[in-house]
Amino acid sequence: MSERKVAVLGVGMHPWGKWGKNFVEYGVAAARAALADAGIAWKDVQFVAGGDTIRNGYPGFIAGATVAQALGWSGAQVTSCYGACASGSQAVSVARAHILAGNCDVALVVGADTTPKGFFAPQAGERGTDPDWLRFRLLGATNPVYFALYARRRMALYGATDRDFAKVKVKNARHGLENPYARYRKLVTEEEVLASPMVSDPLRLLEICATSDGGAALVLTSMAYARKHATDPVTISAVSTVTPRYPSTVIEMPNFATDSAAAVPPPPVAFRDSITAAAYAQAGIGPEDVDVAEVYDLSSALELDWYENIGLCPAGDAEKLLNDGVTTIGGRVPVNPSGGLSCFGEAIPAQAIAQVCELTWQLRGQATGRQVERAKVGVTVNQGLFGHGSSVVVQR
Amino acid sequence: MKTKVSALDGWFDANPERPRLIGSRCGSCRSYFFPKETFACRNPSCGSAELADVALSATGTLWSYTDNHYQPPAPYVSPEPFVPYAIAAVELADEKMVVLGQVAHGVATADLKVGMRMELVAETLYSDDAKEYLVWKWTPAARSASPARSRS
Ligand SMILES: [Zn+2]
């Protein structure tokens with residue numbers, strides 16, 4: 001294959017919040033914003049890839065077509081992808097593959113969600129063979145329970161403290177303060193984080209990401225098309241959608257148990273380490289080349305795990321990286337300059353797309369109030385329920 | 001007295017004297033699975049259909065733990081008012097796998113430490129007019145020798 005890159009000609013978002021509107025409205029707003037940013041008319045889009053939402057009925061299961069119809073049927077080819085929290089990068093991956101295969105020059109990637117209040121609950125009904133139903137029934141194991149198990153493990157293995165976790169929240173709150181798309185834009189102190197109610201020990205309310213409404217979209221094009229319509233566009237040089245290798249020995253939501261390593265030794269690279277490793281290999285770069293990262297901070301503590309999983313530091317050194325200011329804007333490799341899930345809350349099918357929007361603004365120098373200086377290489381990482389790895393490398 | 005039954009048939013032997021998780025083991029590559037695999041071994045180099053039920057180790061090492069201070073949504077069946085509970089992830093030595101479970105009633109996170117020895121017990125998860133539904137839970141192994149402590 002001659003060219004492995006696609007161009008990001010346009011990005012757009014609908015602000016995150018709890019707006020209570022139909023998810024389609026957020027998707028359309030984000031799509032229109034991305035098209036305007038690219039200077040491309042909707043009717044010139046040849047392929048639409050939607051990230052699905054499973055909480056909004058049938059239109060959510062076919063999100064690509066739903067948004068295409070709302071924008072006005074134009075005859076474009078369409079797909080709709082579901083990969084839980086990684087749905088957005090599944091859509092990016094399919095759109096990119098169609099462009100690289102020569103099937104189209106211009107693709108729209110879009111994801112949007114309207115979420116209910118409170119904890120994510122499983123789909124309704126008596127479903128005794130669905131682990132996502134059973135973990136609530138038999139264990140009362142909410143999502144924060146899994147995040148808290150990782151957090152406690154970090155404390156036991158590496159001596160992480162409540163204060164370290166609180167500092168992640170403080171950092172992200174400061175990063176997202178000026179982001180017009182963020183839902184929570186308020187500085188917090190370590191003391192305020194530590195005084196917020198305990199949800200699942202050791203994680204407190206301000207350290208666990210909320211669920212939000214929101215929408216995000218990208219206009220991706222072939223490099224040949226981009227050269228005619230833009231100068232020096234941001235490009236996507238890698239998309240990783242890897243699954244775990246057997247035996248996967250870290251307990252993953254919504255499972256009751258890990259795989260057994262009794263008969264087969266664990267793989268040399270664990271699942272979460274393999275997600276960006278695959279993306280770096282595709283892009284022909286290493287973690288030392290990364291200038292800025294957007295990672296999936298479902299909890300404050302989980303952000304620290306990601307520092308290690310994406311290769312910013314060896315296992316056990318994340319607290320030092322944080323405390324040395326390396327991952328704060330102004331540091332060597334800022335993490336979550338957008339404010340992350342901490343400031344956004346999770347709008348599932350939009351979130352992995354929003355990560356790419358943020359890195360695109362960062363690489364263009366358009367991230368007002370949160371700009372990472374001289375960023376040339378950005379990486380996103382995310383993970384969806386049931387083994388969906390997700391990472392995108394963005395370069396300029 | 002209400003009849004005591006397993007909250008989910010086939011997942012564990014709720015014998016109160018000697019509760020055990022029921023997993024499966026591949027007859028070909030000897031991998032363990034929990035919950036049971038019913039039709040094929042998930043080792044990608046194996047795939048055998050020769051799977052047999054096996055009782056998993058009833059003791060293990062605490063890998064991590066947490067608790068729930070807020071009532072989870074349905075289908076969790078909560079007492080009224082909600083009673084917070086701890087959850088443990090326990091590593092089984094022979095099976096080389098980590099299995100989740102609620103922690104026995106009355107044991108709080110302050111009583112737990114990563115690396116400590118844990119053992120399986122059967123406790124009521126919820127009940128209706130006729131039956132008590134039992135589930136497996138983890139508890140610090142030392143507790144089995146002495147009567148259960150109350151944290152009231
Ligand atoms: Zn096998």
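Bear in mind that the values here come from a model prediction, so they are computed numbers and not experimental data. (Residues numbered from 1 in each chain as written. Chains lettered and ligands numbered in written order. Predicted model: local features only at pLDDT ≥ 70, side-chain atom pairs only at ≥ 80, totals over all residues. Heavy atoms only, no water.)

**Some remarks on the coordination of the zinc ion**
Ideal coordination angles are 109.5 degrees for a metal with four donors arranged tetrahedrally and 90 or 180 degrees for a metal with six donors arranged octahedrally. Residue and element names in this part refer to chain B. Inclusion rule: Here a donor is any nitrogen, oxygen or sulfur atom (N, O, S) within 2.8 Å of the metal, with 3.2 Å used for Na, K and Ca; water is not among the atoms considered, so some sites may look incomplete. Here a site with four donors is tetrahedral if all angles are between 85 and 135 degrees, and a site with four or six donors is square planar or octahedral if opposite donors are over 155 degrees apart and the other angles are between 65 and 115; anything else gets the irregular label.
Only Cys-26 (SG), Cys-29 (SG), Cys-41 (SG) and Cys-46 (SG) from the protein coordinate the zinc ion, and they sit 2.3 to 2.4 Å from it. Geometry at the zinc ion is tetrahedral, judged from the four donor atoms that bind it and their angles of 102 to 115 degrees at the metal. Mapping the donors of the zinc ion onto the primary sequence yields the spacing C-x2-C-x11-C-x4-C.

**With respect to the pattern of salt bridges**
When their charged atoms lie close together, side chains carrying opposite charge are able to pair. Residues and elements named next belong to chain A. Rule in force here: Every case where a carboxyl oxygen of Asp or Glu lies within 4 Å of a side-chain nitrogen of Lys or Arg is listed as a salt bridge. Counting from the N terminus, the helices are DSSP H or I runs at least four residues long and the strands are E runs at least two residues long. Here's how the labels work: a residue is buried when its accessible area is under 20% of the maximum for its type, exposed when over 50%, partly exposed in between, all with a 1.4 Å probe on protein chains only.
Scanning the entire structure with this criterion turns up 19 salt bridges over all chains. Between Glu-308 and Arg-154 there is a salt bridge, with its nearest N and O atoms 2.5 Å apart. With Glu-308 in helix 11 (residues 300-309) and Arg-154 in helix 6 (residues 143-158), this pair connects stretches of sequence that are 154 residues apart. A relative accessible area of 2% means that Arg-154 is categorised as buried.

**Digging into the pairing of strand 3 (residues 20-26) of chain B**
Residue and element names in this part refer to chain B. Spelled out, the test is: Only strands that DSSP links by at least two bridges are regarded as paired with each other.
Burial within strand 3 is extensive, with five of its seven residues counted as buried. Inspection of the sheet shows strand 2 (residues 12-13) paired to strand 3 by two bridges, in the antiparallel sense. In the sheet register, Asp-13 faces strand 3, and the bridge partner there is Arg-20. The hairpin turn running from strand 2 into strand 3, its antiparallel successor, is six residues long. As judged from the five bridges shared by strand 3 and strand 5 (residues 51-55), these two strands associate in the antiparallel manner. Within the sheet, the bridge partner assigned to Arg-25 lies in strand 5 and is Ala-52. Here strand 3 runs beside strand 4 (residues 32-33); their pairing, made up of two bridges, is antiparallel. Bridged to Ser-24 within strand 4 is Phe-33. Taking the residues between adjacent antiparallel strands as the criterion, strand 3 and strand 4 are bridged by five residues, where Arg-30 takes a positive phi near 75 degrees.

**Topic: the environment of Val242(A)**
Residue and element names in this part refer to chain A. Note the threshold: In this analysis, two residues are considered to be in contact whenever any of their non-hydrogen atoms come within 4.5 Å of each other.
In this fold, Val-242 is placed in the loop between strand 8 (234-240) and helix 10 (271-283). For the pair Val-242 and Ser-274, spaced 32 residues apart in sequence, the C-alpha separation works out to 7.6 Å. Aside from chain neighbours lying at most four places away, what touches Val-242 is Phe-271, Ser-274, Ile-275, Ala-278, Gly-387, His-388 and Gly-389.

**Brief notes about the side chain of Asp213(A)**
All names here are of chain A. Heads up, the condition is: In this tally, Lys and Arg are treated as positive and Asp and Glu as negative; His is ignored, and so are the chain termini. Under the rule applied, a polar contact is a pair of N or O atoms within 3.5 Å (in protein, one hydrogen donor and one hydrogen acceptor; residues adjacent in sequence only if both atoms are side-chain atoms).
If you trace the backbone, Asp-213 turns up in strand 7 (residues 213-221). The buried charged residue Asp-213 lacks any salt bridge, with Lys-18 as its nearest oppositely charged partner at 4.8 Å. At 2.8 Å, the side chain of Asp-213 and the side chain of Tyr-26 are in polar contact. Looking at Asp-213, its side chain comes within polar contact range of the main-chain nitrogen of Thr-115, at 2.9 Å. Setting aside its immediate chain neighbours within four residues, Asp-213 contacts Pro-15, Trp-16, Gly-17, Lys-18, Trp-19, Gly-20, Lys-21, Tyr-26, Asp-113, Thr-114, Thr-115 and Ala-347.

**As for a nonpolar patch on the surface**
To keep it simple, the criterion reads: Patches draw on residues past 30% relative accessible area with no salt bridge. Two like charges within 9 Å are joined, as are two nonpolar side chains (Val, Leu, Ile, Met, Phe, Trp, Tyr) within 5 Å. A 1.4 Å probe and the Shrake-Rupley method give the accessible areas. Residues count as covered only by the protein chains that appear here.
Together, Tyr58(A), Phe61(A) and Ile62(A) give the surface a local cluster of nonpolar side chains, amounting to about 330 Å² of exposed area. On the accessibility criterion, Tyr58(A) (62% relative accessible area) is exposed.

**Focus on helix 6 of chain A**
Residue and element names in this part refer to chain A. Stated formally: A helix is expected to span 1.5 Å multiplied by its residue count minus one.
With 16 residues, helix 6 extends 23 Å between its outermost C-alpha atoms, agreeing within 8% with the 22 Å of an ideal straight helix rising 1.5 Å per residue. For helix 6, the buried fraction is high: 13 of the 16 residues fall into the buried class. Downstream of helix 6 by one or two residues, Gly-159 has phi in the positive range, about 75 degrees.

**Digging into the packing of helix 10 of chain A against helix 11 of chain A**
Residue and element names in this part refer to chain A. Stated formally: For helices, the axis comes from a line fit to the C-alpha atoms of the stretch in contact; other axes are also lines fit to C-alpha atoms, and the angle between any two N-to-C directions lies between 0 and 180 degrees. For classification purposes, an angle smaller than 35 degrees is called roughly parallel, one larger than 145 roughly antiparallel, one from 65 to 115 roughly perpendicular, and anything else oblique. By convention the crossing between two helices is left-handed if the near helix lies anticlockwise of the far one by an angle smaller than a right angle, and right-handed if it lies clockwise.
Contact geometry for helix 10 and helix 11: axes closest at 9 Å, N-to-C directions at 55 degrees. With respect to helix 11, the axis of helix 10 lies oblique. Seen along the crossing, helix 10 lies across helix 11 with a hand that is right-handed. When helix 10 is examined against helix 11, the residues Arg-272, Asp-273, Ile-275 and Thr-276 are found in contact with a partner set consisting of Leu-302, Trp-306, Glu-308 and Asn-309.

**Quick notes on the nonpolar core**
The following threshold applies: Nonpolar cores were defined as sets of buried Ala, Val, Leu, Ile, Met, Phe, Trp, Tyr and Cys residues, with membership established by side-chain atoms within 4.5 Å.
Residues Leu138(A), Phe34(B), Trp136(B) and Trp138(B) are the most contacted members of the largest nonpolar core, which totals 96 residues. Broken down by element, the residue count for this core peaks at eight residues, all from helix 6 of chain A. If near-sequence neighbours (up to four positions away) are discounted, Phe34(B) is found in contact with Phe256(A), Ala257(A), Trp11(B), Leu21(B), Ile22(B), Gly23(B), Leu56(B), Met97(B), Val99(B) and Trp136(B). With 39 residues, the next largest nonpolar core counts Met13(A), Ala49(A), Val292(A) and Ala350(A) among its residues.

**Observations regarding the packing of aromatic side chains**
To keep things clear, this is the line we draw: Centres within 6.5 Å make a pair out of two Phe, Tyr or Trp rings, where for Trp the six-membered ring is used; the pair is then stacked when the planes are under 30 degrees apart, edge-to-face when over 60, and tilted otherwise. Charge over a ring is defined by NZ of Lys or CZ of Arg lying within 6 Å of the ring centre and within 35 degrees of the ring normal.
Overall, the coordinates contain 12 aromatic pairs over all chains when judged by the stated rule. On the numbers, 5.4 Å between centres and 80 degrees between planes, the contact of Trp16(A) with Phe344(A) is edge-to-face. Remark: Phe344(A) occurs in helix 13 (residues 340-344) and Trp16(A) occurs in strand 1 (residues 6-17); sequence separation between them is 328 residues. For Trp16(A), a relative accessible area of 1% gives the class buried. Exposure remark for Phe344(A): the relative accessible area of 4% places this residue in the buried category. Ring geometry for Tyr126(B) versus Tyr133(B): centroids 4.8 Å apart, planes at 15 degrees, classification stacked. A relative accessible area of 15% places Tyr126(B) in the buried class. What links up through ring pairs into an aromatic cluster is the set Phe256(A), Trp11(B), Phe12(B), Phe34(B) and Trp136(B). Looking at Arg272(A), its charged tip hangs above the ring of Tyr150(A), at a distance of 4.3 Å from the centre.

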